[in-house]
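Here is what each chain is made of, one letter per residue.
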Amino acid sequence: MARRRTPTMNAPPTILDSLFRNMPGEVYRCRNDRDWTMEYVSDGVLELTGHPPSAFLSGKVRFGDLVHPDDRDWLWREAQAAIACRRPYTFEYRIRTASGDEKWVWERGSGVYADDGQLSALEGFVGDATARKLAEIALAENEERFRDFAHASCDWFWETDADERFTWFSDSIERVEGIDREKLLGRRRTELAGRNTDLGALPWKEHLEAIARRERFRDFRYATRICGREHWLSVSGIPRHDKSGRYLGYRGATRDVTAEIAAQRELFCVNERMRAAIENLDESIAITDADDRIVVANKRWRILNDDSETIRPGHRYEDHFREGFARGNFPQAQGREEEWLAERLAR
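Residues numbered from 1 in each chain as written. Predicted model: local features only at pLDDT ≥ 70, side-chain atom pairs only at ≥ 80, totals over all residues. Heavy atoms only, no water.

Enquirer: An account of helix α11 (residues 317–327) is needed here, citing residue identities and associated values.
Expert: Where α11 is concerned, the buried positions are Tyr 317, Glu 318, His 320, Phe 321, Gly 324 and Phe 325. End-on view of α11: buried residues confined to an arc of 155 degrees, all on one side of the axis. Here the buried face of α11 lies against β11 (286–288), β12 (294–297), α10 (299–304) and α12 (337–346). Gly 328, located one to two residues past α11, shows a positive phi value of around 80 degrees. (Buried < 20%, exposed > 50% of the residue type's maximum accessible area, 1.4 Å probe, protein only. Helix = DSSP H or I, 4+ residues; strand = E, 2+ residues; numbered from the N terminus. Arc of directions from axis to C-beta. Contact = heavy atoms within 4.5 Å.)

Here it is, written out as structure tokens:
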């Protein structure tokens, strides 16, 4: 290692002194003791620690006391290990400033050795790394939060490249579906479509057109065969672009809706069987919804009411009565139609 003369507080001002004063941090020369006793420290130490250089050089303030208690032991051990191997050291640790604030600092230094090979001092630089370190901590927390949400969710998350090929899946795809994600990487969603899927027909046509326009899409549902069995999937995605606006692909989430689709199909079958049974009953039946609109009117009902327009599904039950008034079908209501109608609808 090259040996050099380090400026001291009593030395005449030099270009190097001016450079050190303007650096955003402290340049130091210290002894190799647990107090990191300073022999030289630049003016930048005031902004970094809140203590002036004179406080360190007089021994009034010891840099070792500023180091966070949880960082002191490992910092000493790691520094001694580097010095023993005569290699530079780089650390990130916390200090407590004169105002009591906690800061993260980044330090780079090495030993300085005399002609006989003995360690003379340590020299290096310490800079403020608080903003960067807090950003890294926040990023790590967000990533951990995302992993927790992803693990707790029944959805799985994915990314595609500009060619619409999958480049990443969250591990929940294996946990939820038992699907080896490695087998899906590099494939397009269209390649996963179920048998006999017509990509030129709805809903695929609209979906692919939305992707071509780089639009967001939500709850696109399609059938796929993965691992030898049919799945119904609901997919939502957001396009990705770099800072220059270049398209990078999509990022989104997928949910398995196979059970939901099966339940909808079963409900449809049950409703169809019920409609068929009601349609063929000898008794006239009409069923209305919460808005008093007819949803089912069987054949017997339609015959009794001359199959008029107002008794068909979608019309209000009140419309059926008002048409009956006009036709004279309700003589008992004559002269008191509104009162009679209110009574009937209240039943």
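Enquirer: Residue-level account of the side chain of Thr 97, with values.
Expert: Considering the arrangement of structural elements, one finds Thr 97 in the loop between β3 (89–96) and β4 (102–113). Classification of Thr 97 by relative accessible area gives buried; the value is 9%. In this structure, Thr 97 is in contact with Leu 48, Thr 49 and Lys 103, ignoring residues within four places of it in sequence.

Enquirer: Tell me about the environment of Phe 321, residues and numbers included.
Expert: Here Phe 321 is to be found in helix α11. The spatial distance from the C-alpha of Phe 321 to the C-alpha of Trp 340 is 10.0 Å, given a sequence separation of 19 residues. Apart from residues lying up to four places away in sequence, Phe 321 is in contact with Phe 330, Trp 340, Leu 341, Arg 344 and Leu 345.

Enquirer: Outline the nonpolar core, supporting the account with residue identities and numerical values.
Expert: Counting residues in each nonpolar core, the largest one holds 26 residues, and the members touching the most others are Trp 36, Phe 56, Phe 63 and Tyr 93. Top element by residues in this core is helix α5 (residues 69–84). It accounts for 5 residues. Ignoring sequence-local partners within four residues, the contact set of Phe 63 consists of Glu 26, Asp 35, Trp 36, Met 38, Thr 49, Phe 56, Tyr 93 and Ile 95. Counting 19 residues, the second-largest nonpolar core is a separate cluster that includes Phe 169, Ile 211, Ile 226 and Tyr 247. (Core = buried A, V, L, I, M, F, W, Y, C linked by side-chain atoms within 4.5 Å.)

Enquirer: Kindly report on the packing of aromatic side chains, identifying the contributing residues and their values.
Expert: Summed over the entire model, instances satisfying the criterion amount to 11 aromatic pairs. Ring geometry for Phe 56 and Phe 63: centres 6.3 Å apart, planes at 45 degrees, overall tilted. Using a relative accessible area of 2% as the deciding quantity, one classes Phe 56 as buried. Residue Phe 63 is classed as buried on the basis of its relative accessible area, which comes to 4%. Where Phe 217 meets Tyr 250, the ring centres are 5.4 Å apart and the plane angle is 45 degrees; that geometry is what we call tilted. Within this pair, whereas Phe 217 is found in strand β8 (residues 217–226), its partner Tyr 250 is found in strand β10 (residues 247–256), the two being separated by 33 residues in sequence. We note that Phe 217, like Tyr 250, is buried. The positively charged end of Arg 86 is found above the aromatic ring belonging to Tyr 113, 4.0 Å away from the centroid. (Phe/Tyr/Trp six-rings, centres within 6.5 Å; stacked < 30°, edge-to-face > 60°. Lys NZ or Arg CZ within 6 Å of the ring centre and 35° of its normal.)

Enquirer: Outline helix α8 (residues 204–212), supporting the account with residue identities and numerical values.
Expert: By the burial criterion, the buried members of α8 are Trp 204, His 207, Ala 210 and Ile 211. Projection of α8 onto a plane perpendicular to its axis shows the buried side chains occupying an angular sector of 125 degrees, all on one side. Where α8 is buried, its residues meet β8 and β10. Where α8 ends, the next residue or the one after it, Arg 214, has phi of about 60 degrees, a positive value.

Enquirer: Outline the packing of α11 against α12, supporting the account with residue identities and numerical values.
Expert: The axes of two packed helices give the description: the angle between them and the distance between them. Axis separation between α11 and α12 bottoms out at 11 Å; the angle between their running directions is 145 degrees. When you trace α11 past α12, the crossing you get is right-handed. On α12, the residues touching Tyr 317, Glu 318, Phe 321, Arg 322 and Phe 325 of α11 are Glu 337, Glu 338, Trp 340, Leu 341, Arg 344 and Leu 345. When its residues are assigned to classes, the contact of α11 with α12 shows 6 nonpolar, no polar and 5 charged. (Axes fitted to C-alpha atoms, helices over the stretch in contact; angles between N-to-C directions. Left-handed = near helix turned anticlockwise from the far one by under 90°. Nonpolar A, V, L, I, M, F, W, Y, C, P; charged D, E, K, R; others polar.)

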